[in-house]
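# Coordinate inspection notes
So you can see what is in the structure, the chains are spelled out below.
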Amino acid sequence: MDLKFNNSRKYISITVPSKTQTMSPHIKSIDDIVVLGINLSKFNKPTQFFICVAGVFIFYLIYGYLQELIFSVEGFKSYGWYLTLVQFAFYSIFGLIELQLIQDKRRRIPGKTYMIIAFLTVGTMGLSNTSLGYLNYPTQVIFKCCKLIPVMLGGVFIQGKRYNIVDVSAAVCMSLGLVWFTLADSTIAPNFNLTGVMLISLALCADAVIGNVQEKAMKLHNASNSEMVLYSYSIGFVYILLGLTCTSGVGPAVTFCSKNPFRTYGYAFLFSLTGYFGISFVLALIKIFGALLAVTVTTGRKAMTIVLSFIFFAKPFTFQYVWSGLLVVLGIFLNVYSKNMDKIRLPSLYALISKSVEARKSRTLAQTV
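Read on for a plain summary of the structure. (Residues numbered from 1 in each chain as written. Predicted model: local features only at pLDDT ≥ 70, side-chain atom pairs only at ≥ 80, totals over all residues. Heavy atoms only, no water.)

## Quick notes on the packing of helix α1 (residues 45-71) against helix α2 (residues 80-100)
Cut-off, in case you're wondering: Axes here refer to lines fitted to C-alpha atoms; in helices the fit is confined to the stretch in contact. Angles between the N-to-C directions go from 0 to 180 degrees. By definition, any uninterrupted DSSP run of H or I lasting at least four residues is a helix, any uninterrupted run of E lasting at least two residues is a strand, and each is numbered from the N terminus. For this classification, under 35 degrees means roughly parallel, over 145 means roughly antiparallel, 65 to 115 means roughly perpendicular, and everything else is oblique. Each crossing is labelled by how the near helix is turned from the far one, with a counterclockwise turn of less than a right angle marking it left-handed and a clockwise turn marking it right-handed. Only heavy atoms matter for contacts: two residues are in contact if any of them lie within 4.5 Å across the pair. When residues are grouped by polarity, Ala, Val, Leu, Ile, Met, Phe, Trp, Tyr, Cys and Pro land in nonpolar, Asp, Glu, Lys and Arg in charged, and all others, Gly among them, in polar.
Between α1 and α2, whose axes approach to 11 Å, the crossing angle comes to 140 degrees. Regarding the angle of α1 to α2, the classification is oblique. Our pair here, α1 against α2, has a crossing hand that is right-handed. In this structure, α1 contributes Tyr63, Ile70 and Phe71 to the contact, and α2 contributes Gly80, Leu83, Gln87 and Tyr91. Split into classes, the residues belonging to the contact of α1 with α2 amount to five nonpolar, two polar and no charged.

## Considerations on a nonpolar patch on the surface
Put simply, the rule is: Patches here are clusters of residues that have more than 30% relative accessible area and form no salt bridge, with a 9 Å joining cutoff for like charges and a 5 Å cutoff for nonpolar side chains (Val, Leu, Ile, Met, Phe, Trp, Tyr). Areas reported here follow the Shrake-Rupley algorithm with a probe of radius 1.4 Å; residue values treat only the protein chains shown as occluding. One side-chain nitrogen of Lys or Arg within 4 Å of one carboxyl oxygen of Asp or Glu is enough to make a salt bridge. Only protein chains enter the accessibility calculation, which uses a 1.4 Å probe. A residue is then buried if its area is under 20% of the maximum for its type, exposed if over 50%, and partly exposed in between.
Together, Trp180, Phe317, Phe319, Val322, Trp323 and Leu326 give the surface a local cluster of nonpolar side chains, amounting to about 610 Å² of exposed area. Tracing the backbone shows phenylalanine 317 in the loop between α11 (291-312) and α12 (319-339). With a relative accessible area of 45%, phenylalanine 317 lands in the partly exposed category.

## Some details on the packing of aromatic side chains
Aromatic ring pairs are reported here in terms of the distance separating the ring centres and the angle at which the planes meet. Basically, it comes down to this: Aromatic contacts are taken between Phe, Tyr and Trp rings whose centres are within 6.5 Å, Trp giving its six-membered ring; a plane angle under 30 degrees counts as stacked, one over 60 as edge-to-face, and the others as tilted.
The full count for this structure, using the stated rule, is 18 aromatic pairs. Between phenylalanine 59 and phenylalanine 281, the aromatic rings sit 5.8 Å apart at their centres with planes inclined by 20 degrees, giving stacked as the arrangement. In this pair, phenylalanine 59 sits in helix α1 while phenylalanine 281 sits in helix α10 (residues 261-289), placing the two residues 222 residues apart along the sequence. Taken individually, phenylalanine 59 and phenylalanine 281 each receive the classification buried, so the pair is uniform in this respect. For the pair tyrosine 91 and tyrosine 276, a centre-to-centre distance of 6.0 Å together with 70 degrees between the ring planes defines the contact as edge-to-face. With a gap of 185 residues between them, tyrosine 91 in helix α2 and tyrosine 276 in helix α10 connect regions that are remote in the sequence. Assessed through its relative accessible area of 6%, tyrosine 91 is described here as buried. Among the aromatic residues, those joined into a ring-pair cluster are Phe88, Phe90, Tyr91, Phe94, Tyr233, Phe269 and Tyr276.

## Let's talk about helix α3 (residues 111-131)
Quick reminder of the rule: Working rule for helices: expected span equals 1.5 Å times residues minus one.
Look at α3: 30 Å from first C-alpha to last across 21 residues, which is about the 30 Å you get at 1.5 Å a residue. Counted residue by residue, α3 has 15 buried out of 21 residues, so it is predominantly covered.

## Points about helix α4 (residues 137-144)
The buried fraction of α4 amounts to seven of the eight residues, a majority that puts the element mostly inside the structure. Listing the buried residues of α4 in full gives Tyr137, Pro138, Thr139, Gln140, Val141, Ile142 and Phe143.

## Topic: the side chain of glutamine 67
Topologically, glutamine 67 is positioned in helix α1. A relative accessible area of 1% means that glutamine 67 is categorised as buried. Those residues within four positions of glutamine 67 in sequence are excluded, and the remaining contacts are Asn129, Leu132, Tyr137, Gln140 and Phe271.

## Details of the environment of leucine 40
Within the secondary structure, leucine 40 is located in the loop between β4 (38-39) and α1. In this structure, the C-alpha to C-alpha distance between leucine 40 and isoleucine 288, residues 248 residues apart in sequence, is 9.6 Å.

## Focus: the packing of α2 against α3
Packed helices, taken two at a time, are described by the angle their axes make and the gap between the axes. As a packed pair, α2 and α3 sit with axes 8 Å apart at the nearest point and diverge in direction by 130 degrees. One finds that α2 runs oblique with respect to α3. Note that α2 runs across α3; the crossing there is right-handed. Counted together, Gly80, Trp81, Leu83, Thr84, Gln87, Phe88 and Tyr91 of α2 and Thr121, Val122, Met125, Gly126, Leu127, Asn129 and Thr130 of α3 form the full contact between these two elements. When its residues are assigned to classes, the contact of α2 with α3 shows seven nonpolar, seven polar and no charged.

All quantities given are derived from atomic positions and should not be read as evidence of function.
What follows is the structure in C-alpha cells.
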C-alpha cells in the first residue's frame with residue numbers, strides 16, 4: 001500500500017496483485033480445489049459431486065476389500081499390529097511426497113501435540129486392524145459407524161454436556177442396532193470373539209477423541225492436511241515399532257510376510273494407497289458440499305462395503321443383520337439431522353394435523369359451492 005501526498009490533497013494508492021503473481025502460501029483460493037491432480041473448480045457442481053462420490057466409493061470399496069483380503073490370508077490374523085506398522089510407513093511416505101509439492105513446508109503444530117495425536121492414531125487404526133482377527137468385517141464396519149456413542153458419553157462425563165432428545169434417540173438406535181448385530185454375529189459366526197468387540201470399542205473411543213484434537217490443532221496453528229498426515233503417522237510408526245520390538249513381534253511377522261510378499265506387502269501397499277486417496281475425496285466433498293452430504297455419501301459407502309463383504313467373502317448370513325443395520329442407519333440419520341436442524345426442517349405433528357384439517361375444509365367448501 002503506497003501513501004502519496006500532493007500539495008493540495010492526499011490520496012491513497014492501493015495495488016492489487018494480479019492472478020499471475022505468486023500468492024502467500026497461507027492463502028488459498030476458495031475456488032481452486034485440486035484432488036490427485038484434478039482441478040475440480042473447472043467443472044460444474046453436478047460433475048464435481050459425481051467425481052467426489054466416484055472417488056469415495058471406488059477407493060474406499062477397494063480399501064475395504066483389500067483389508068478383508070489381507071486378513072483372509074491363512075495365518076495372518078495375529079499380525080494386525082504389523083500391518084498397522086506397514087500402513088503407517090506408507091502413509092508417512094505419501095504425506096512426505098505431498099508435502100514436497102506445496103510451498104510451505106514448515107511444521108506448525110508443536111511436537112508435543114503431534115505425540116498425543118500419534119498415540120491416538122495408533123490406538124484407532126492399530127486396534128481396528130487387530131480386531132479383524134476376532135470379528136467379521138461387517139461387524140467391524142457397523143461398530144465404526146457408531147462413533148457418536150463414545151463421543152456423547154465423553155461429553156456427558158468429561159464436559160458435563162447435555163444433549164437434546166434427537167441426539168439421545170440417535171445414540172439409543174445405534175446402541176440397540178449394535179447389540180442386535182453383535183448378538184447375531186455371536187450366534188452364527190464361527191470366529192466370533194468378545195476380544196474383538198473390546199478392541200473395536202477401544203478403537204472407537206480413541207477415534208472419538210482424535211477428531212476433536214486434530215481439528216483444534218489444525219485450526220489453532222493453520223496446518224495443512226499433508227503436515228498432519230506426515231508427522232502424526234511417522235511418530236506413530238515409531239510408537240508401533242518400539243512396541244513390537246519390546247514384545248518380539250517384528251521377527252515373526254517379517255518372517256511370515258517374506259514367505260509371500262505379494263499377498264502381504266503388495267496388498268498392504270494398495271490398501272494404504274487407496275485409503276490415502278479416499279480421504280482426499282472425502283475432504284473435497286466436505287469443502288464443496290458440506291459435512292451433511294459427505295456423511296450421507298460415506299454412510300452409503302459403508303453400507304455398500306458390508307454388502308460386498310457378504311458377496312466376495314463366504315460367511316454366514318441372517319436377516320437379523322439387515323434389521324440391526326437399519327437401526328444403526330436410522331441413528332446416523334438422527335445424528336446428522338440433529339447437527340443440521342436449521343437446514344433440514346421436518347414438519348411437526350401439529351403442522352401435519354393442521355394441514356389435514358385445512359385440506360378437509362377446502363374439500364367441504366368445494367362440495368358446497
